[in-house]
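Residue-level listing of the chains:
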Amino acid sequence: MKAEKAVLFILTLLFAIVIVFPFVYALSASFFSASDFASSPARFLPSSFSFRNYQKVLANRYFLPYIMNSVITGVMSTVIRMIIAVAAAYAFSYYRFRGRTFLFSLIVLTLFVPSDLLLTGNYLTIYRLGLIDTYLGIISTSLLPASQILMLRQYFCSIPSSIHDSAMMDGAGDGRYILSILVPVSKAVISTFALQGFIAMFNSYLWPLLVTNSPSMRTVQIGITMLGYAESLDYGPVFAAIILIFIPFLLLFIFMRKRIMEALRQGCMFI
Amino acid sequence: MKAAILQVMNKEKVRPYLYILPALFLAFVFVYIPFIQSVFSSFFSIRQNGELNSFTGLENYRKLFANEIFSESFANTFRFMILFVPLNIILIMTAVLLTEKERKGNRIYETVFMLPMAMGMSSIALIFKYMFRPSVGIINRIIGYDIPWTNDAFWAMLSVAFLGVFLDFGLDYLLLLSALRNLDRSVVEAARLDGASEVQVFSRIKLPLITPTLFFVLFISIKDALLICAPIMVMTEGGPFRSTQTIVYYYYIEAFRNSNYAAAYSISTLVFIIAALITFLSAKIERQGVHYES
């Protein structure tokens, strides 16, 4: 029994090490000099310790704009998505109206159409609207929160309808009910969705690549592949950039872990 | 008075439609219209500027099937799927089972296994690109062999599959972990009291109860494999010699580098059909063979 426990412990540790390794290696490589990357056998640790790579990437005139673009588009799309999701889920759970089921399935069915294959048509739409190289163009295709509507509706329906009824009886309007009861009650779920939406926007690659032309409009996930150091085989600044972008997300995830687990416990699939 | 009441009633009736209008608008503009337009256009010859030329029936499809790069990309996608899906399910299931118990020590592991979700796709793909370099890469140093990762078709595909597993790890781990933890404890306890071994408890009780989630993760993995493109763009750019160029990557190249819209529309229509088939089949199997708790 003891031996079995030890084996399981070591196996778990091994898994954790494999998952953590790319992160630790990236951190170490962010201090590598250009020649450290070419050394054979490969190095685990830098030959000398300096913040040269970080200085280099922070001095790059595009790096901070990349981050700004990502943050702005991330926040914009998250806020719009959450408003659209809560409004639609509210209507689907508290109103009876003609075509309700049909309209609901119309929204859910979009989940089954792979969006990467709609790039051509969507590109033409954005191009004709003159939205190339704009924030609105970048966020346009990720504004529909179909899975969130699906899950929020399920979640809202699990809240006793007597609360809704008595709030309405007391003369609270939809907006009042949503803001002072529904949103506070669904805090864990909504904040998990917001985090997920922000990350999805922040990480999206193909679409922002297509609809941005000027370097000053690129988002950071595209930007780091184009920092231009790779040509000189000096990857250090790229790794420094990767680490700089990662740190806030690491903190956010550690901070949000409890809420994510809570949302999952309440049956939210978090797609 | 009467008119005022009517007005309010009307408002009440219109209101739910107003609430769902933004979502519906987006669904039509960015999903249904481009979807219909691309399927429709796949039956036409198309000018370089994207305008439809003339109806040609299945001509675009005939050209596509005669195209070697298309069948190659198709085969590559299938190779990726064969490597990625089992690897993904087995590794994630193992990680979940190892950290299933809800106790303090496992919280660290939970956070660790969630980490891949916290780093962006292209960051991870770039890190993998450098880790898997042949000769001077860190992975080869660790395993002590000089594996020609990105220089050889098979190894390149395997390294891309590893990347795929890493990218999906956090989410799939969380889904399965919460499924296992949300099980009805009393059933498990009752079985243990009746003298069932841990293996029996797992195979007879836990596994059947989490099959819906397991099935969902499997379905998502297959779909992810069918549609993979961006991570490969960053890590291998489809190389060496197009050996990791998948079907959606090929679609992207035809649409945005070659402006060959006829090919792009017919590829996307074919992948739509395959994706729909996978969805349909999995729904069918799910209805037949998957155990649900009440």
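Structure: see above.
Numbering of residues begins from 1 in every chain and follows the order in which that chain's sequence is written. Starting at A for chains and at 1 for ligands, labels are handed out in the order in which the entities are written. Only residues with pLDDT of at least 70 are given local features in this predicted model, and only at 80 or more are side-chain atom pairs given and counted; all residues enter the totals for whole chains, interfaces and linings. Side-chain numbers come from the whole structure's heavy atoms, not from hydrogens or water.

Caption draft 1: Representation of a positive patch on the surface. Where like charges cluster on the molecular surface, the positive patch consists of A:Lys5, B:Lys101, B:Arg103 and B:Arg185. By the secondary structure assignment, A:Lys5 is in helix α1 (residues 2–29). For A:Lys5, a relative accessible area of 59% gives the class exposed. Here the term patch refers to residues with relative accessible area over 30% and no salt bridge, with like charges joined within 9 Å and nonpolar side chains (Val, Leu, Ile, Met, Phe, Trp, Tyr) within 5 Å. Here the accessible surface of atoms and residues is derived via Shrake-Rupley with a 1.4 Å probe, and residues count as covered only by protein chains that are part of the display. When a carboxyl oxygen of Asp or Glu is within 4 Å of a side-chain nitrogen of Lys or Arg, the pair counts as a salt bridge. Charge convention: Lys and Arg are scored as positive, Asp and Glu as negative, and His as well as the terminal groups of each chain are ignored. Think of each charge as sitting on NZ of Lys, CZ of Arg, CG of Asp or CD of Glu. Segments assigned H or I by DSSP are reported as helices when at least four residues long, segments assigned E as strands when at least two residues long, and all are numbered from the N terminus. Categorising residues by exposure relies on relative accessible area from a 1.4 Å probe, with only protein chains included: less than 20% of the type maximum marks a residue as buried, more than 50% marks it as exposed, and the intermediate range marks it as partly exposed.

Caption draft 2: Up close: the environment of B:Phe43. Looking at where B:Phe43 falls in the secondary structure, it is placed in the loop between α1 (2–41) and β1 (44–46). Excluding residues within four positions of it along the chain, B:Phe43 makes contact with B:Ser54, B:Phe55, B:Thr56, B:Gly57, B:Leu58, B:Asn60 and B:Tyr61. Note on definitions: a residue-residue contact is assigned when non-hydrogen atoms from the two residues lie within 4.5 Å.

Caption draft 3: Region of the structure containing the packing of aromatic side chains. Only Phe, Tyr and Trp rings take part, Trp by its six-membered ring, and two of them pair if their centres are within 6.5 Å. Stacked means planes under 30 degrees apart, edge-to-face means over 60, and tilted covers everything else. Under the criterion given, the structure shown has 50 aromatic pairs over all chains. Plain terms: the ring middles of A:Phe21 and A:Tyr25 are 5.9 Å apart, the flat faces sit at 20 degrees to each other, and that makes the pair stacked. Note that A:Phe21 and A:Tyr25 are positioned in helix α1 at a spacing of four residues, about one turn of the helix. When the centroid spacing of 6.3 Å and the interplanar angle of 10 degrees are considered together, the rings of B:Phe169 and B:Tyr173 count as stacked. Placement of both B:Phe169 and B:Tyr173 in helix α7 (residues 153–181) is noted, with a separation of four residues, approximately one turn of the helix. Accessibility assignment for this pair places B:Phe169 and B:Tyr173 in one class, buried. Cluster of aromatic residues (ring-pair linked, three or more members): A:Phe23, A:Phe246, B:Phe128, B:Phe132, B:Trp149, B:Phe154, B:Trp155, B:Phe162 and B:Phe166. Positioned above the aromatic ring of A:Phe104, the side-chain terminus of A:Arg153 is 4.4 Å from the ring centre. Should the NZ of a Lys or the CZ of an Arg lie within 6 Å of a ring centre and within 35 degrees of the ring normal, that charge is described as sitting over the ring.

Caption draft 4: Broad picture of the nonpolar core. For our purposes a nonpolar core is just a set of buried Ala, Val, Leu, Ile, Met, Phe, Trp, Tyr and Cys residues, chained together by side-chain atoms within 4.5 Å. Counting 183 residues, the largest nonpolar core has A:Phe92, A:Leu152, A:Phe156, A:Tyr205, A:Phe239, B:Phe113 and B:Phe169 as its most contacted members. Sort the elements by how many residues they give to this core and α7(B) lands first, with 16 residues. Bear in mind that the domain bounds are from an automatic or database domain assignment. No fewer than three residues from each of domain 1 (1–60 + 227–253) and domain 2 (63–220) of chain A sit in this core. With near-sequence residues (within four places) excluded, A:Phe92 lies in contact with A:Phe97, A:Arg100, A:Leu103, A:Phe104, A:Ile107, A:Ile149, A:Arg153 and B:Ile20. Residues A:Leu124, B:Tyr261, B:Ala262 and B:Tyr265 belong to the second largest nonpolar core, which totals five residues.

Caption draft 5: A look at the packing of α7(B) against helix α9 (residues 198–227) of chain B. All names here are of chain B. Think of each axis as a best-fit line through the C-alpha atoms, taken over the contacting stretch in the case of a helix, with angles from 0 to 180 degrees between the N-to-C directions. α9 packs onto α7 with a crossing angle of 160 degrees between their chain directions and a minimal axis gap of 9 Å. By the angle class used here, α7 and α9 are roughly antiparallel. Every pair of crossing elements has a handedness; the one defined by α7 and α9 is right-handed. Along its contact with α7, which presents Asp168, Asp172, Leu175, Leu176, Ala179 and Leu180, the element α9 presents Lys206, Ile210, Thr213, Leu214, Phe216, Val217, Ser221 and Asp224. Every angle not falling under 35 degrees, over 145, or within 65 to 115 is termed oblique; those three ranges are roughly parallel, roughly antiparallel and roughly perpendicular. Note on convention: near helix rotated counterclockwise from far helix by under a right angle means a left-handed crossing. Clockwise means right-handed.

Caption draft 6: Focus on the pairing of strand β2 (residues 52–55) of chain B. Residue and element names in this part refer to chain B. DSSP bridges decide pairing: two strands pair if at least two such bridges lie between them. As paired strands, β1 and β2 are joined by three bridges and run antiparallel to one another. Bridge pairing in β2 places Ile46 opposite Leu52. Joining the antiparallel neighbours β1 and β2 is a turn of five residues, in which Gly50 adopts a positive phi near 95 degrees.

Caption draft 7: Fine view of the layout of surface pockets. A volume near 950 Å³ is recorded for the second largest pocket. Looking at the lining of the second largest pocket, the elements that each hand over two or more residues are α1 of chain A together with α3 (68–98), α4 (104–118), α8 (185–193) and α9 of chain B. In terms of residues, the lining of the second largest pocket owes the most to one element, α1(A), which gives five residues. Looking at the lining of the second largest pocket residue by residue, the classes come out as eight nonpolar, four polar and eleven charged. Cavities and pockets are defined on a 1 Å grid built over the protein atoms alone: a cavity is a set of grid points where a 1.4 Å probe fits but cannot escape, while a pocket is an open set with protein on both sides within 12 Å along at least five of seven lines, and lining residues are those with an atom within 4 Å of any such point. Grid points are joined across faces, edges and corners, and a volume is the space filled by probe spheres set on the points. Residue classes follow a fixed rule: Ala, Val, Leu, Ile, Met, Phe, Trp, Tyr, Cys and Pro count as nonpolar, while Asp, Glu, Lys and Arg count as charged, and any other residue, Gly among them, counts as polar.

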